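A structural walkthrough
Next come the chains, spelled out residue by residue.
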Amino acid sequence: MESWLEFAKGPLFRLTFAIMLLGLIRIFMLDIWGIYKAYRKAGDKNMPWKLVLSRGLEWFFPVNRVARNRPFYSTFSTLFHIGLLVVPIFLYAHVKQWEKSIGISWITLPFDWAYWLTISTIVFAIALLMGRMFNKSSSFLSRKQDYLWPILLLIPFITGFVCAHLNVNPTYYQFFMLMHVLSGNLIFILIPFTKIAHCVLMPLSQVVCTIAWKFPPETDEAVCSTLNKKGAAV
Amino acid sequence: MNTTVITDEEKQKAFKSLRKPETIEKQKLDVRYHIEDFDVSERPRRFLEAFAAILKHSNYKMALDHFIRMSAKCSRCATTCQVYQATGDLKDIPCYRSELLLSVYRRHFTIGGLIKGRLLGSGYLTDDKIQEMADSFWNCTACKRCSLECPSGIDHALITHLGRYILSEIGIAPRALVVSTREQLEGATKNTSAIPVPALKDTLEFLEDDMFEEKSVRIKFPIDVEDTEYVFFPAVSDFLMEAESLMGIAAVFTATGDSWTTGTGYFDGINYGLFYSDRMLERVVKKVDEETKRLRGKNILIGECGHASRSAKYFIPTYCGGKDAPLVINIMEYTYMVWKEGKLKFNPNIVTEKVAYHDPCNIARQRWIIDKPRELLKAFCKNYVEMTPSGENNICCGGGGGTVSIDELRTYRTTVGGKLKADQIRKSGCEILVAPCANCKKQLRELVEDQGIACEVVGLHDLIYKAIIFDDSLIEKEEAKSESLPKEN
Ligand code: HEM
Ligand code: SF4
């Protein structure tokens, strides 16, 4: 099991992390490229940047969202995201790993914080899952990935918690650690290809929506000729 | 805002189709609006061809690619859609409605979808799916309120807009809109209400006489004047139904002395293209631009109409020269500007009823004009009340997206589309509801009538006409001069 763990933490991690990074860069660049092309084609190039910015920022300020519709969901989702992002990036054990492999380190979470943030992430992931199952409209809209993501995200948090904060015997420890690393790797691979792409695409949403309404000029003729409708009556 | 879902009985009434069963059978399409006969063979193939052609020549692809990667399915939009709030039918959730078209896009226009479809041999677009889209896309009033609530930034109104456009290319579009647009673009009268020029002139002369009677001021509707500051395009139906709004606008221009004109070559601001076809949108917008150029007018002035204002403001630059296109302004912006410059005076005591202002979605949703009409109203209405939510987050009148012009949808509009609005009006207790939009006015009048709410619906300039005080130099009858002065309290 030990050699497996070494493999999962070493080469496999490097591979999956690279896939995530390149995948995210790819979709981000595709989006930017799409926006650029659309802007070039648009007949009206005047962009209401103030509106775009303020509409975009609204979603980054949790208080705003909580005060609007679905306050519970918004609260859970915000708290869930905080743990989800902060714990993996600033956990002492994780930062040490980075230091060992690439020699760079950054501030780390105090032990207590890590403890409580992990618990809160687990709790709020479950809350979101429950919300999805028992809210009529949410469950109607949900696809498989919408249920599977919170479940998948729970695995590294639970196994990580077990390893870091509970006294388990070494064999179990190794098993949990392997699960922890493997599920983490799986998450990395899936991020760019599923809805979690939102972590890089979100900031572009308002720009996309605004430019989408900026049509290219002379589409009437172009569409007519493609569809063989030239000269057809209204 | 919390509301209750309508009763089964109301639902049955709202969704009852007025079309003959034979027509439904023949057109192989069970929707609630009338459609001209169209080719029913191979609809899925033709739908996909139209979709492909549109994607090729537009900017939609970029947005669709973004949307299919993003959607979080958080169901926030459900809490804002007035249609879903009224029907409680899960299929009316904006995100579901959008998914109808997004799934076609994913399956037929992305590599992943094509491969999956090939491997599993499934998911090809069917007639049933087209039927569902034809139904669903016209349930939406295109108010765009849901797009404010979507953290993924998915613009459901854009998707509905695109869906209707594609459907129209295969012949599925409400007859009422198509017939009007045909008259506007190819007919003899060149306007959606089929008003001949002589009739227009008669109407305007008649209104001028009326106004002289009432105000003792020679208020004019200048026709075909060249080189004016503003060329005026109201919703043409105003000439038939909203005389008071037009009178208010003419009164403002008389008070300021600025030059403006209505052109007899083309005088219709209505643009149903915005509701069902980008191709028609482009054609209509170009007509407005042409007429402005013919008259060598400087700016385009749109009357009290939300969709006419939005289609001109956002699409004149698109289709008529970008930065070089003429400036488009809405009449409320003009009136506000001249009032601020001190060129307008109002009698502050004239309107004593409880007045509320309804934001037309097409004017407020993008934060275009929100405070200006309110400030104007507060200048001469003693009892102004606000409805909540309002402004950019306003609730749609329930007749947006062209549905107000489709008479067979009236019951739908006044029981489903406008239910939330009706609740809001009732709660505000207003006696006069100001709606500076031809579509909103018609819908709101039908709404208060069908829902039994005692409230009068008027335009902003209807009240301005009442409140405006002219300079003595303009008043021709001696006895009228003192009358027009504000009375002491
Ligand atoms: C900075 C980056 C991110 C931002 C701004 C962001 C924002 C959002 C937003 C706005 C939602 C919609 C739900 C709501 O309204 O709260 C959402 C949902 C979600 N996000 Fe993120 N997110 C980010 C990163 C991530 C990452 C890295 C993951 C996972 C690895 C993730 C996992 C999820 C999940 C699973 C949901 C769905 C929750 C549910 O079940 O409803 N997010 N995110
Ligand atoms: S645009 Fe308005 S009517 Fe249409 S789905 Fe969104 S909220 Fe509902």
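For the structure, see preceding data.
Below is a summary of the structure that appears in this document. Per chain, the residues get numbers from 1 upward, laid out in the order the sequence is written. Chains and ligands are labelled sequentially in the order written, the chains with letters from A and the ligands with numbers from 1. Per-residue local features of the predicted model are confined to residues with pLDDT of at least 70, and side-chain atom pairs are confined, for both listing and counting, to 80 or more; whole-chain, interface and lining totals are unaffected and use all residues. Excluding hydrogens and water, the side-chain values take into account all heavy atoms of the structure.

**A few points about the overall build of chain B**
Definition in use: Secondary structure counts use DSSP, requiring at least four H or I residues in a row for a helix and at least two E residues in a row for a strand, with both numbered from the N terminus. Exposure classes here rest on a 1.4 Å probe applied to the protein chains alone. A residue is buried below 20% of its type maximum, exposed above 50%, and partly exposed in between. Note on contacts: a residue pair qualifies if any of its non-hydrogen atoms lie within 4.5 Å across the two residues. Accessible surface area values rest on a Shrake-Rupley calculation with a 1.4 Å probe, where residue burial reflects the displayed protein chains alone. In this tally, Asp and Glu contribute negative charge and Lys and Arg positive charge; neither His nor the terminal groups of the chain are included. The atom standing in for a charge is NZ when the residue is Lys, CZ when it is Arg, CG when it is Asp and CD when it is Glu.
From N to C terminus, chain B includes 25 helices and 10 strands. Dimensions of chain B, computed from the C-alpha atoms along their principal axes, are close to 85 × 50 × 45 Å. Out of the 489 residues belonging to chain B, those deemed buried represent 63%. At a minimum sequence separation of 6, the contacts of chain B that also span at least 24 residues come to 79%. Summed over its atoms, the accessible surface of chain B is roughly 18,000 Å², and 51% of this surface lies on carbon and sulfur atoms. Between the centroid of the 67 positive side chains of chain B and the centroid of its 71 negative side chains there is a distance of 7 Å.

**A closer look at the environment of Leu 185 of chain B**
Of note, Leu 185 of chain B is situated in helix H11 (residues 175-186). Using a relative accessible area of 14% as the deciding quantity, one classes Leu 185 of chain B as buried. Considering only alpha carbons, one finds Leu 185 of chain B and Ile 154 of chain B, 31 residues apart in sequence, at a separation of 33 Å. Discounting residues that sit within four places of it in the chain, Leu 185 of chain B has contacts with Val 234 of chain A together with Met 280, Arg 283, Val 284 and Lys 287 of chain B.

**Overview of the pattern of salt bridges**
Basically, it comes down to this: Definition used for salt bridges: Asp or Glu carboxyl oxygen within 4 Å of a side-chain nitrogen of Lys or Arg.
Tallied over the entire structure, the rule returns 48 salt bridges over all chains. Among the ionic pairs, Arg 143 of chain A bridges to Asp 146 of chain A, the shortest N-O distance being 3.0 Å. When its relative accessible area of 0% is taken as the criterion, Asp 146 of chain A is described as buried. Between Arg 374 of chain B and Asp 359 of chain B there is a salt bridge whose closest N-O contact spans 2.6 Å. Of this pair, Arg 374 of chain B sits in helix H20 (residues 371-380) while Asp 359 of chain B sits in the loop between strand E6 (351-357) and helix H19 (361-364), and the two are 15 residues apart along the sequence. Assessed through its relative accessible area of 5%, Arg 374 of chain B is described here as buried.

**Concerning the site of ligand 2**
All names here are of chain B. Heads up, the rule is: Residues are classed as near a molecule or strand on a simple rule: at least one heavy atom within 4 Å of it. In the cavity and pocket records, a cavity denotes points on a 1 Å grid over the protein atoms alone where a 1.4 Å probe fits but cannot get out, a pocket denotes an open set with protein on both sides within 12 Å along at least 5 of 7 lines, and lining residues are residues with an atom within 4 Å of a point. Those molecules having more than half of their atoms within 2 Å of a cavity or pocket grid point set are described as sitting in that cavity or pocket. Under the grouping applied here, Gly and all other residues not named as nonpolar or charged are polar, the nonpolar ones being Ala, Val, Leu, Ile, Met, Phe, Trp, Tyr, Cys and Pro and the charged ones Asp, Glu, Lys and Arg.
In the region of ligand 2, the neighbouring residues are Cys 81, Gln 82, Pro 94, Arg 97, Cys 140, Thr 141, Ala 142, Cys 143, Lys 144 and Cys 146. Mapping ligand 2 onto the cavity grids shows that it belongs to the second largest cavity. Looking at the shell around ligand 2 residue by residue, the class counts come to six nonpolar, two polar and two charged.

**Focus: the sheet that holds strand E8 (residues 432-434) of chain B**
Residues and elements named next belong to chain B. Quick note on the threshold: Strands are labelled as partners when DSSP assigns at least two bridges between them. What counts as an axis is a line fitted to C-alpha atoms, over the stretch in contact for a helix, and the angles between N-to-C directions run from 0 to 180 degrees.
On the basis of which strands lie adjacent, the open sheet formed by four strands has the order E7-E6-E8-E9 and parallel pairing. Since the sheet does not close on itself, it has two edges, and those belong to strand E7 (381-385) and strand E9 (456-458), each with one partner. Mean inter-strand twist for the sheet, computed between neighbouring axes without regard to direction, equals 35 degrees. Across three bridges, the pairing between E8 and E9 is parallel. Each bridged residue has a counterpart across the sheet, and for Ile 432 the counterpart in E9 is Glu 456.

**A short note on helix H6 (residues 111-134) of chain A**
Applicable threshold: Expected span of a helix: the number of residues minus one, times 1.5 Å.
Between its first and last C-alpha atoms H6 of chain A spans 35 Å; for 24 residues at 1.5 Å apiece the expected length is 34 Å, and the two agree. Listed as buried for H6 of chain A are Ala 114, Leu 117, Thr 118, Ser 120, Thr 121, Ile 122, Phe 124, Ala 125, Ala 127, Leu 128, Leu 129 and Arg 132 of chain A.

**So, the coordination of the iron atom of ligand 1**
Rules: Metal donors were taken as nitrogen, oxygen and sulfur atoms no farther than 2.8 Å from the ion, or 3.2 Å where the ion is Na, K or Ca. Water is excluded, so coordination may look unfinished.
For the iron atom of ligand 1, every protein donor is listed as His 81 of chain A (NE2) and His 198 of chain A (NE2), and the spread of their distances is 1.9 to 2.0 Å. Exposure remark for His 81 of chain A: the relative accessible area of 29% places this residue in the partly exposed category.

**Considering empty space enclosed by the protein**
Where empty space is left can be seen by rolling a probe of water-molecule size over the atoms. Residue and element names in this part refer to chain B. Filter applied, for reference: Grid points are joined across faces, edges and corners, and a volume is the space filled by probe spheres set on the points. An automatic or database domain assignment supplies the residue ranges for each domain.
Counting across every chain of the model gives five cavities of 30 Å³ or more. Estimated volume of the largest cavity: approximately 250 Å³. Every residue lining the largest cavity is counted, 26 residues in all, and those nearest its centre are Thr 141, Ala 142, Phe 275, Asn 362 and Gly 401. Those elements giving two or more residues to the lining of the largest cavity turn out to be helix H10 (156-169), helix H15 (273-276), helix H17 (306-319), H19 and helix H23 (438-451). Counting residues per element, the lining of the largest cavity draws most heavily on H10, which supplies four residues. The class makeup of the residues in the lining of the largest cavity is 12 nonpolar, 10 polar and four charged. Two domains share the lining of the largest cavity, each providing at least three of its residues, namely domain 1 (8-173) and domain 2 (181-469).

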